[in-house]
Amino acid sequence: MNYLAHLFLAQATVESRVGNLLGDFAKGVVVAQLPKPVKNGLLNHRAVDRFTDNHTVVKQLKCLVGADRKRFAGIMLDMVFDHYLIKHWHHFSHRSFAASCDIYYQALDDGQVLMPPAMKHVTQRVIKQQWFTSYQTLEGIGFALDRIADRIRFDHAFYGSVEELITHQNEIESGFLAFFPELLQHVEAIKLES
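What you see is a predicted model, and the numbers here were worked out from it, not measured in a lab.

Student: Which parts of the structure should I look at to understand the packing of helix H2 (residues 14-22) against helix H3 (residues 36-54)?
Tutor: The relative placement of two packed helices is expressed as an angle between their axes plus a distance between the axes. Following both chains from N to C, one finds H2 and H3 inclined at 40 degrees, their axes separated by 6 Å at the closest point. Considered as vectors, H2 and H3 are oriented oblique to each other. Handedness of the H2/H3 crossing: right-handed. Residues Glu15, Ser16, Val18, Gly19, Asn20, Leu21 and Leu22 of H2 pack against Pro37, Val38, Gly41, Leu42, Asn44 and His45 of H3. Each residue belonging to the contact of H2 with H3 can be placed in one class, and the counts come to 6 nonpolar, 6 polar and 1 charged.

Student: What exactly am I supposed to notice about the nonpolar core here?
Tutor: Generally speaking, a soluble globular protein has its nonpolar side chains buried in company with each other. One finds Phe81, Phe132 and Phe180 to be the most contacted residues of the largest nonpolar core, which totals 60 residues. Top contributing element to this core by residue count: helix H5 (residues 73-87), with 9 residues. Not counting the four nearest positions on each side in its chain, Phe81 is found in contact with Met1, Val58, Leu61, Ile172, Phe176 and Phe179.

Student: Explain the side chain of Glu164 here, please?
Tutor: By the secondary structure assignment, Glu164 is in helix H11 (residues 162-167). Look at Glu164 and you get buried, because its relative accessible area is 15%. At 2.6 Å, the side chain of Glu164 forms a polar contact with the backbone nitrogen of Gly66. Those residues in contact with Glu164, other than ones at most four positions away along the chain, are Leu64, Val65, Gly66, Asp68, Arg69 and Met76.

Student: Quick question: what am I supposed to make of the pattern of salt bridges here?
Tutor: Pairs can form between side chains of opposite charge whenever their charged atoms are close. Within the structure shown, the criterion is met by 4 salt bridges. Glu173 is paired through a salt bridge with Lys87; the nearest N and O atoms lie 3.1 Å apart. You can see Glu173 sitting in helix H12 (residues 169-190) and its partner Lys87 sitting in helix H5, a full 86 residues away along the chain. On the basis of relative accessibility, which here comes to 15%, the residue Glu173 falls in the buried class. Since its relative accessible area comes to 45%, Lys87 is described here as partly exposed. Arg147 is paired through a salt bridge with Asp150; the nearest N and O atoms lie 2.9 Å apart. You can see Arg147 and its partner Asp150 sitting in helix H10 (residues 138-151), 3 residues apart, about one turn around the helix.

Conventions we followed
Residues numbered from 1 in each chain as written. Predicted model: local features only at pLDDT ≥ 70, side-chain atom pairs only at ≥ 80, totals over all residues. Heavy atoms only, no water. Axes fitted to C-alpha atoms, helices over the stretch in contact; angles between N-to-C directions. Helix = DSSP H or I, 4+ residues; strand = E, 2+ residues; numbered from the N terminus. Parallel < 35°, antiparallel > 145°, perpendicular 65-115°, else oblique. Left-handed = near helix turned anticlockwise from the far one by under 90°. Contact = heavy atoms within 4.5 Å. Nonpolar A, V, L, I, M, F, W, Y, C, P; charged D, E, K, R; others polar. Core = buried A, V, L, I, M, F, W, Y, C linked by side-chain atoms within 4.5 Å. Buried < 20%, exposed > 50% of the residue type's maximum accessible area, 1.4 Å probe, protein only. Polar contact = N/O pair within 3.5 Å; in protein donor to acceptor, adjacent residues only side chain to side chain. Salt bridge = Lys/Arg side-chain N within 4 Å of Asp/Glu carboxyl O.

Okay, here's the thing in structure tokens:
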């Protein structure tokens with residue numbers, strides 16, 4: 001899952017939201033030294049990623065990605081799942097998407113002191129550039145994927161990967177709608193942050 005989904009799956013505290021994003025920035029972090037709510041958020045992030053990576057629907061959706069981009073299929077799905085979460089936000093949240101974004105951006109700003117340097121740098125850009133708003137369209141997802149492609153230091157065919165997501169959008173959207181409620185149930189059942 002990508003940043004928006006991890007924030008959505010966090011508890012309603014700054015520490016939990018920081019921890020639930022920390023999984024993408026935890027290299028070099030001494031987990032035992034984290035405040036307990038941040039650590040529990042990190043553990044929740046990892047559990048969400050394990051569940052997602054091993055889910056039958058997600059594995060099937062990865063098979064839609066062509067051979068030249070197969071190694072990036074997980075990244076592509078993580079990003080586009082944020083798009084479909086936004087599209088179907090009203091099914092999963094009583095709060096509006098815009099109000100939720102304001103809360104998430106504020107939590108990321110308030111939580112800067114809890115973050116390692118790389119995470120601070122990225123989350124400051126997330127806030128300033130209002131990344132989640134751009135995820136409302138597949139074009140916005142494409143722009144974000146191409147920015148990821150810019151950082152890859154080896155030859156690849158990742159640029160323009162949104163075209164595959166557009167080609168298979170019906171299957172991916174249906175897969176997301178089958179998968180995401182099961183993920184919500186899983187997070188509720190494991191209660192890593194209770």
